[in-house]
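# Chains, contacts and geometry: an overview
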Amino acid sequence: MQIHYDLETLPRFHKAVVTIGTFDGVHLGHRQIIDRLKTEAAAINGETVIITFHPQPRKVISSTILGVRLINTLDEKIELLEKTGVNHLVVVPFTGAFANQSAEDYVTDFLIDKFHPHTIIIGYDHRFGKERKGDYLLLEKMANECNYQLKEIPKQMLDEISISSTRIREALVEGKIEVADKLLGYEFFFSGIVVDGDKLGRKLGYPTANLQIQDEEKIIPGNGIYAVYVEIVNQTSDLISQTSFLKGMMNIGFRPTVGGNKKMVEVNIFDFDKKIYGQTLKVFVKKYLREEIKFNNLEDLVKQIDKDKIESLKAL
């Protein structure tokens, strides 16, 4: 998959079959659209092109985006889309100026001049241009004049995608990992940079990697204890000799037993004692084990952590 960030240096696409969307989660619902895109392109020996926007358009044109968490960061979305077999991904910088172009200019100056589409596959509810005045009917009206075919994504499919995205976010926040993974079609994951902590885990016999999540819009699972797989993304060659995927368990929460007042994401990697400060960990969340609770003392906490490790290994 070729990835393009600059609209001024796009290649001349061959019989481009284009769709447009945020594709947050790149979940099973989105895969239906991508499969249709590939089928249409194969029928005319054309190229598949996905247009997405960064940052998310609602963040630019609306104040109501606050509080909404994204299933994928841009890098994660790219990683997932690369696996679908799409030819081109175009990441369009979404700015106020872009949002304020007229709907007609969006079609002629953006879609036609930049992509020369053979076919546009789009939802009936797609809105674009200043004050979101552009819609499917305008695209339909301009199709003959601009020499492209227009194909509609059925309302039922769009509704299912919207419902799935909402259910995935709710499931993650509620710790229902299996539900989220089933809708996603893959194991939910996130990344964080290992930062210095208070070394309490090491004193308890369970050293943890404290993760700083770089993208504040990225959703992470709700508070609790989880079984996880871990990949050290930018590892040095001597860090891990056998495998890049390691087993572990994760705590997300405030550590009430020791009076914690700051939400933390901590991962204990089993049978691992390397220093990895500054490294990026990719965490694949496998199973929710239990809620975070306050213990009477550290001894009781360690006993429970011992049990958590046993349960994690069963899940992994």
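Residues numbered from 1 in each chain as written. Predicted model: local features only at pLDDT ≥ 70, side-chain atom pairs only at ≥ 80, totals over all residues. Heavy atoms only, no water.

### Considerations on the overall build of the chain
To keep it simple, the criterion reads: Secondary structure elements follow DSSP: runs of H or I no shorter than four residues count as helices, runs of E no shorter than two count as strands, and numbering proceeds from the N terminus. Buried means the residue's accessible area, taken with a 1.4 Å probe over protein chains only, is under 20% of the maximum for its type, while exposed means over 50%, and partly exposed covers the values in between. We call two residues contacting when some pair of their heavy atoms lies within 4.5 Å. For the purpose of charge, His is not counted, nor are the chain termini; Lys and Arg are scored as positive and Asp and Glu as negative. Every charge is mapped to an atom, namely NZ of Lys, CZ of Arg, CG of Asp or CD of Glu.
Helix and strand counts for the chain come out as 10 helices and 12 strands. Taken along the three principal axes of its C-alpha coordinates, the chain extends 75 × 40 × 30 Å. Here the chain, with 316 residues, has 50% of them falling under the buried criterion. Across the chain, the fraction of contacts at a sequence separation of at least 24, relative to all contacts at a separation of at least 6, is 75%. When the 41 positive and 44 negative side-chain charges of the chain are each reduced to one mean point, those points stand 4 Å apart.

### Description of the sheet that holds strand β12 (residues 280-290)
Under the convention used in this document: Following DSSP output, two strands are said to pair if at least two bridges run between them. The convention used is that axes are lines fitted to C-alpha atoms, helices contributing only their stretch in contact, and that angles between N-to-C directions extend from 0 to 180 degrees.
Around the barrel, six strands lie side by side as β7-β8-β11-β10-β9-β12; this closed barrel has antiparallel pairing. Ignoring strand direction, the axes of neighbouring strands in this sheet form an average angle of 45°. Pairing of strand β8 (residues 209-212) with strand β11 (residues 264-269) involves two bridges; the strand directions are antiparallel. For Ala209, the partnering residue across the bridge sits in β11 and is Val267. Relative to the sheet, helix α3 (residues 74-82) contacts β7 (189-195) and β12, its axis offset from that of β7 by approximately 135°.

### So, a negative patch on the surface
Let me state the cut-off plainly: Patch criteria: residues need more than 30% relative accessible area and no salt bridge. Like-charged residues are merged within 9 Å; nonpolar side chains of Val, Leu, Ile, Met, Phe, Trp and Tyr are merged within 5 Å. Accessible surface area values rest on a Shrake-Rupley calculation with a 1.4 Å probe, where residue burial reflects the displayed protein chains alone. The term salt bridge refers to a side-chain nitrogen of Lys or Arg lying within 4 Å of a carboxyl oxygen of Asp or Glu.
A cluster of acidic residues, Glu104, Asp105, Asp109 and Asp113, forms a negative patch at the surface. Structurally, Asp113 is set in helix α5 (residues 103-115).

### As for the packing of aromatic side chains
Using the following cut-off: What counts as a ring pair is set by centres within 6.5 Å for rings of Phe, Tyr and Trp (its six-membered ring), and what kind of pair is set by the plane angle: stacked under 30 degrees, edge-to-face over 60, tilted for all other angles. We call a charge positioned over a ring when the NZ of a Lys or the CZ of an Arg lies within 6 Å of the ring centre and within 35 degrees of the ring normal.
Scanning the model with the defined rule gives 14 aromatic pairs in all. One aromatic cluster in this structure is built from Phe13, Phe53, Phe94, Phe98, Tyr106, Phe110, Phe115 and Phe128. Seen from the ring of Phe189, Lys218 lies directly overhead, with NZ or CZ sitting 5.8 Å from the centre.

### Quick notes on the nonpolar core
The criterion, for reference: Among buried residues, the Ala, Val, Leu, Ile, Met, Phe, Trp, Tyr and Cys ones that are joined through side-chain atoms within 4.5 Å form a nonpolar core.
Judged by nonpolar contacts, the single largest core of 64 residues is most densely connected at Phe190, Met250 and Leu281. Sequence-distant contacts of Met250, defined by excluding residues within four places in its chain, comprise Phe190, Gly224, Ile225, Tyr226, Val228, Val265, Glu266, Val267, Val283 and Val285. With 32 residues, the next largest nonpolar core counts Ala16, Val18, Phe115 and Phe128 among its residues.

### A word on the confidence of the model for the chain
Rules: A score between 0 and 100, pLDDT records how confident the predictor is in each residue.
Averaged over all residues, the pLDDT of the chain is 91; the fraction at 70 or higher stands at 94%. When the elements of the chain are averaged for pLDDT, helix α2 (residues 57-61) gives the smallest value, 73, and strand β1 (residues 2-4) the largest, 98.

### A closer look at the pattern of salt bridges
If you walk through the whole model with that rule in mind, you get 15 salt bridges. Measuring nitrogen to oxygen at the nearest pair gives 2.7 Å for the salt bridge that ties Lys155 to Asp159. Placement of the pair is Lys155 and Asp159 together in helix α7 (residues 155-173), with a separation of four residues, close to one helical turn. Residue class for Lys155 comes out partly exposed when judged on its relative accessible area of 46%. For the salt bridge of Glu311 with Lys314, the shortest nitrogen-to-oxygen distance reads 3.3 Å.

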